[in-house]
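# Geometric and topological summary
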Amino acid sequence: INFEKIIPNILNQGSNFLNELLEQKYKQVVLIGIGGSSQSAKIFNSFQNKNNKSLQLYILDSLHEKNVKSLLEKLDLEKTIFIISSKSGSTLETNYLFSFFEEKLFQKKIYDLGSHFVAITDKDSPLHQMALKKQFRHIFISPEDIGGRFSFITHFGLLPGLICGFNVIQNLKTLKKTSKLLKSNSIDNPVLKLAVLLYMYHKRGTNQLIITHKPEIKYFATWLEQLIAESNGKELKGLIPILKSEYKEKDLILNNKNYFVLDYQLNPINEKIFIKQNIPYIKSSIISEDNILSEMFKWQLIITLFCYLIE
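Below, the structure is looked at part by part. (Residues numbered from 1 in each chain as written. Predicted model: local features only at pLDDT ≥ 70, side-chain atom pairs only at ≥ 80, totals over all residues. Heavy atoms only, no water.)

## A closer look at the packing of aromatic side chains
Applying the stated rule across the entire model yields 14 aromatic pairs. Here phenylalanine 44 and phenylalanine 166 contribute two aromatic rings whose centre-to-centre distance is 4.6 Å and whose plane-to-plane angle is 10 degrees, an arrangement assigned as stacked. Of this pair, phenylalanine 44 sits in helix H2 (residues 39-46) while phenylalanine 166 sits in the loop between helix H6 (155-164) and helix H7 (168-182), placing them 122 residues apart in sequence. As far as the burial class goes, phenylalanine 44 and phenylalanine 166 line up, both buried. (Phe/Tyr/Trp six-rings, centres within 6.5 Å; stacked < 30°, edge-to-face > 60°. Helix = DSSP H or I, 4+ residues; strand = E, 2+ residues; numbered from the N terminus. Buried < 20%, exposed > 50% of the residue type's maximum accessible area, 1.4 Å probe, protein only.)

Written out as structure tokens, the structure reads:
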């Protein structure tokens, strides 16, 4: 895939779409998607910088009545756009939520229903066909050969990122610089070091990876959990990721040494505990709103290589 061509095209489409919504005085955007279709959007929404050219973005990835009702109460339906995000275009929960909000718009006597909906999906998917039939405002076709959990720099991630005011351009500049190292065949490449380290732990029978993290990067941690579990867990082998947002000594399972730690909490007290208890740990990079895309790209490469090594 030629990202030098694809990314500028997505950014151009996204900027035009955002300007269109602002000109037409829309206030809110609801992204409806499950799993990989919304995980990266949650990360970017948590790093939104509230600049003047942004809209309020809500992300709905649940059918739970309480969540849907709570969101509905916040919406001015006449000034809301719904993005239906599904790579396959056949996700049951996503389709149900589309029908639910379509009905709510109709009950409000908003009859130009299609103008309130946008689709992100694969070409010729069921969602693509429905969006054409119902005359959605826009249909964004994603690259077909990029899986959902690897799609953060396609429409699935960049479009909601632009809408909520996340600093997409600065992150892409940082990613362009760091990707040269991350793709290099060099002893200094952290991708090669970490992929081999995970493989060595796995080979000796250590199959649990505890990921410690601060509450403010919980959406990144959830994304990483899905990336690891879904990529290497299909054939009942690999690593089991376990998230812990407040890691303390009482959490240690001292009689079970079948785990190691990926430490994003970066608490000096924890580091002393790991050393004292002889627990293997990997000290992470510091995540900021300017390097999050690079960190995501790094882990996509690490897990791809790790899956190759464990066959």
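On we go.
## With respect to the pairing of strand S8 (residues 259-263)
Burial of S8 is extensive: five of the five residues sit out of reach of the surface. Here strand S6 (residues 208-212) pairs with S8 via five bridges, running parallel. When the bridges of S8 are listed, leucine 209 appears paired with phenylalanine 260. Inspection of the sheet shows S8 paired to strand S9 (residues 281-283) by three bridges, in the parallel sense. Paired with leucine 262 across the strands is isoleucine 282, a residue of S9. As a crossover connection, the stretch from S8 through helix H10 (residues 268-276) into S9 is right-handed. (Pairing = 2+ DSSP bridges. Right-handed = clockwise from strand over helix to strand, strands pointing away.)

## Digging into the nonpolar core
Ranked by size, the top nonpolar core spans 61 residues in total, and within it Phe220, Leu224 and Trp299 carry the most contacts. For this core, the leading source of residues is helix H11 (residues 292-309), giving eight residues. Those residues in contact with phenylalanine 220, other than ones at most four positions away along the chain, are Ile43, Tyr264, Ile287, Ile292, Glu295, Met296 and Trp299. Core analysis: the second largest hydrophobic core is formed by 21 residues, Ile32, Leu77, Leu97 and Phe98 among them. (Core = buried A, V, L, I, M, F, W, Y, C linked by side-chain atoms within 4.5 Å. Contact = heavy atoms within 4.5 Å.)

## Brief notes about the side chain of glutamine 28
Mapped onto the secondary structure, glutamine 28 falls in strand S1 (residues 28-32). From its side chain, glutamine 28 meets the backbone oxygen of lysine 74 in a polar contact 2.8 Å long. With residues up to four places along the chain from it excluded, the contact list for glutamine 28 reads Gln56, Tyr58, Lys74, Leu75, Asp76, Lys79, Thr80 and Ile81. (Polar contact = N/O pair within 3.5 Å; in protein donor to acceptor, adjacent residues only side chain to side chain.)

## Some details on the sheet that holds S8
Read across the open sheet, the four strands follow the order S7-S6-S8-S9; overall the sheet is parallel. The open sheet terminates on both sides in strands that have one partner only, identified here as strand S7 (240-244) and S9. Ignoring which end each strand starts from, the neighbouring axes of this sheet average 20 degrees apart. Across the sheet, helix H8 (residues 190-203) lies against S8 and S9, angled at about 170 degrees from S9, the strand it touches most. Across the sheet, helix H9 (residues 218-232) is in contact with S6, S7 and S8; its angle to S7 comes to roughly 165 degrees. (Axes fitted to C-alpha atoms, helices over the stretch in contact; angles between N-to-C directions.)

## With respect to the side chain of serine 37
Structurally, the position occupied by serine 37 is in the loop between S1 and H2. With residues near it in sequence (within four places) discarded, serine 37 still touches Leu31, Ser85, Ser86, Lys87 and Phe156.

## Some remarks on H11
Counted at 1.5 Å a residue, the expected span for H11 with its 18 residues is 26 Å, and the 26 Å between its end C-alpha atoms agrees. Looking at the buried side of H11, the elements it contacts are H2, H7, H8, H9 and S8. Backbone geometry just after H11 places glutamate 311 at a positive phi near 60 degrees. (Expected span 1.5 Å × (residues − 1).)

## Details of the packing of H2 against H9
Contact geometry of H2 with H9 gives a least axis separation of 8 Å together with a crossing angle of 160 degrees. Here H2 is positioned roughly antiparallel relative to H9, judged by the angle of their axes. Here the hand of the crossing between H2 and H9 comes out left-handed. Contacts between H2 and H9 involve Gln39, Ser40, Lys42, Ile43 and Ser46 from the first element and Tyr219, Phe220, Thr222, Trp223 and Gln226 from the second. (Parallel < 35°, antiparallel > 145°, perpendicular 65-115°, else oblique. Left-handed = near helix turned anticlockwise from the far one by under 90°.)

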